Amino acid sequence: MRLSLILYLLLTTMVSVCAQVPDCQVNNYHRQVILRNNKIVKLTEIELQINSAKGTDYAEIEIPYTKGNNIKELEAGIYDLFGKKIRSLKNKDILRSNVFSYASFHSDDMKLSFEMIHNRYPYIVKYSYEEDTNEYLYIANWYPRWYKKAPVKNASLTVNLPVDFPIRLIQYGLDSAVIKRNQDAYIYNWTAKDVEYVKRQKYGPKYIELQPHVVIIPEHFKYGVKGSSKSWVDFGKWSSDLKENTDYLTDDEKQKVMELTKDCISDVEKINVLYKYMQDNTRYINVSLDIGGLKPETGAYVCKNKYGDCKALTNYMYTMLKEAGIRSIYTKVYADRYPVPVNKEFPSQQFNHVILCVPQPNDTIWLECTDNTAPFNYLGSFTQNRTVLLVDGNESKLTRTPALKLTDVASNYSTKVTINKDGEQKMSSVAVIKGPVFDYLKGVNDALPQREKMDYLDELELFEQADISDFNINRTDRDSTYLTLEINAALNNNVEPIGSRALIKPLRSFYFKLEKPEKRTQELRFAYPFNVTDTIQYTLPRMIKSVAGIQNELIESDYGHYKREVSFEGNELMIIRHIIIQSGVYQLSEYAGLYAFIRDCRNKELQKGMVNYQ
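Reading guide: rules and limits
Residues numbered from 1 in each chain as written. Predicted model: local features only at pLDDT ≥ 70, side-chain atom pairs only at ≥ 80, totals over all residues. Heavy atoms only, no water. Helix = DSSP H or I, 4+ residues; strand = E, 2+ residues; numbered from the N terminus. Buried < 20%, exposed > 50% of the residue type's maximum accessible area, 1.4 Å probe, protein only. Salt bridge = Lys/Arg side-chain N within 4 Å of Asp/Glu carboxyl O. Patch = residues over 30% accessible without salt bridge, like charges linked within 9 Å, V, L, I, M, F, W, Y side chains within 5 Å. Areas by Shrake-Rupley, 256 points an atom, 1.4 Å probe, with all protein chains shown as cover. Lys, Arg positive; Asp, Glu negative; His and termini not counted. Charge placed at Lys NZ, Arg CZ, Asp CG, Glu CD. Phe/Tyr/Trp six-rings, centres within 6.5 Å; stacked < 30°, edge-to-face > 60°.

Chemist: Explain the environment of D234 to me, using residue names and the numbers behind them.
Modeler: Along the chain, D234 falls in helix α3 (residues 232-242). The spatial distance from the C-alpha of D234 to the C-alpha of Y301 is 28 Å, given a sequence separation of 67 residues.

The following block contains the structure:
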């Protein structure tokens with residue numbers, strides 16, 4: 001056996017010269033789901049092969065679960081490649097802990113962790129466990145690719161359900177299940193081999209959408225209260241029932257609401273006053289407790305503690321408005337700058353955040369209740385243009401949040417570059433910024449001291465070849481949807497003297513790097529439009545005779561607009577650029593045209609100018 005193992009290691013080494021051996025691979029990943037006595041029981045078996053020291057990270061096992069779920073029958077061991085057990089997991093080596101994050105104050109999310117580390121490679125880690133729960137929204141939410149960088153050789157999902165138990169099912173990237181009937185049950189079986197991890201292309205669908213997966217939900221369930229996923233009305237009704245009897249305040253808070261709104265002359269003014277009161281007197285902390293973090297804490301809870309998660313703070317605002325006689329609607333949304341679209345044909349828990357909708361006679365007001373500095377009635381890039389669920393009892397329905405328009409994202413940069421006779425180059429810039437960059441810089445400005453903001457400012461890559469000496473971020477008013485960024489910097493050879501001429505290099509380029517059409521396999525999503533105007537004024541050390549290399553340009557396209565104007569007078573050179581890229585979902589059939597427009601913009605943006613002096 002020792003000789004065979006040596007031969008295996010020699011062969012493995014030889015093969016690795018021709019093909020890279022992964023640090024870890026998943027030889028087998030099998031999950032079985034059974035509905036038993038109104039409980040969902042999940043049996044999981046995993047076999048990892050650790051091929052190198054770098055792969056030991058995968059041998060640090062974490063099994064997530066939620067309070068109320070039971071993890072039992074846990075077994076684990078280390079084996080050699082021939083199946084001989086080297087060591088078994090002992091109870092004293094298992095740690096149970098709360099899943100802590102800096103965004104969470106306390107959570108029902110737990111983890112069970114242990115290490116299966118060995119000092120000879122390759123070796124095998126096998127572990128299995130059983131999990132059961134009485135309350136569930138999903139029968140299965142299965143992804144056969146277990147890790148991003150660890151290939152999966154074999155994977156399977158088996159689901160055993162009574163014949164009279166209606167379900168709804170989605171599968172993607174896998175062959176259909178083999179379905180068998182066994183007495184009073186249907187048995188569904190999916191198998192997969194050599195499962196590939198699908199990489200996300202630039203501005204493509206999110207990783208979670210691209211991987212092969214199976215999602216199964218029950219048509220009828222009990223999760224806190226009884227509910228149904230047959231329609232969005234039914235699912236919204238369940239969400240309403242779950243938050244029932246949470247909309248009450250303390251007596252002192254009721255009195256405060258009356259005092260704050262007594263002199264208001266309109267409902268909009270009342271909403272604004274109460275929103276700012278909430279912002280000034282509460283803080284966001286993720287407190288994911290009770291029914292898996294889906295049921296909000298009461299309005300009185302926030303009155304007492306002055307903090308809450310998105311559900312609690314939204315419910316608190318909802319309750320204050322109710323006390324003031326104003327109707328609002330608790331609203332579920334998928335929040336992210338690059339969201340996963342809601343599958344409208346699959347009513348289910350597809351959301352990760354809650355905001356508040358306040359219908360008005362002439363318009364609808366939307367309130368983000370977790371941001372203490374958010375402008376009134378402003379949904380930024382995190383929740384704009386989203387399909388959302390209005391949780392409104394039997395009137396529950398899907399709707400859409402307002403999309404950021406071109407005017408909402410219009411940013412304007414004004415920059416002066418001065419080149420002294422001794423070659424010193426200085427820059428001062430004032431930018432009025434809206435849209436996603438406003439959201440980002442507002443968050444940085446709110447959360448960090450001045451000395452720590454520079455690293456985050458550098459991530460924006462607003463200026464190439466610039467050493468920023470000082471900067472300032474200002475908002476004129478708490479309800480302003482823009483901010484002003486002032487920057488002073490020294491430039492590194494942005495203008496390069498060449499005898500009686502000067503080479504002008506691009507100071508700031510606005511374009512997107514995209515795959516060539518022949519390499520594109522995924523639709524492209526611009527979640528919001530891009531709209532930037534940029535004015536750069538160069539003061540040069542000598543009088544200008546002519547300018548070559550850059551000139552006036554205009555590109556009009558269905559996908560956007562590009563314009564550049566170049567002018568000079570005396571020793572001053574002026575370059576004004578304006579670029580617009582429309583938002584939208586672009587299918588592969590449209591991609592070549594979009595790519596051509598972006599490529600043309602990029603080529604213009606990368607052009608250098610040659611100034612001839614008098």
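Chemist: Now, about the side chain of Q201: what can you tell me, with residues and values included?
Modeler: The residue Q201 is located in the loop between β14 (185-195) and α2 (207-210) in this model. The class of Q201 is buried, set by a relative accessible area of 12%.

Chemist: Could you give me a rundown of the pattern of salt bridges, with the residues and numbers involved?
Modeler: Overall, the coordinates contain 28 salt bridges when judged by the stated rule. A salt bridge links D336 to K206; its shortest N-O distance comes to 3.1 Å. Of the two residues, D336 is situated in the loop between β21 (329-333) and β22 (353-359) and K206 in the loop between β14 and α2; the sequence distance between them amounts to 130 residues. Across the pair R478 and D280 runs a salt bridge whose closest N-O atoms are separated by 3.1 Å. With R478 in the loop between β28 (466-474) and β29 (483-491) and D280 in helix α5 (residues 267-281), the pair connects residues that are 198 residues apart, well separated along the chain. When salt bridges that share partners are traced, they join R508, D534, R577 and E605 into one network.

Chemist: Now, about a negative patch on the surface: what can you tell me, with residues and values included?
Modeler: Together, E452, D455, D458, E459, E461 and E464 line one region of the surface with negative charge. Following the sequence through the fold, D458 ends up in helix α9 (residues 453-459). Residue D458 is classed as partly exposed on the basis of its relative accessible area of 43%.

Chemist: Mind laying out the packing of aromatic side chains, listing which residues take part and the relevant values?
Modeler: One pass over the structure, following the stated rule, counts 22 aromatic pairs. Seen from their ring centres, F114 and Y127 are 5.9 Å apart, and the 80° between their planes marks the pair as edge-to-face. Taken as a pair, F114 in strand β8 (residues 109-115) and Y127 in strand β9 (residues 123-133) lie far apart in primary sequence, 13 residues in all. Overall, the relative accessible area of 3% leaves F114 in the buried class.

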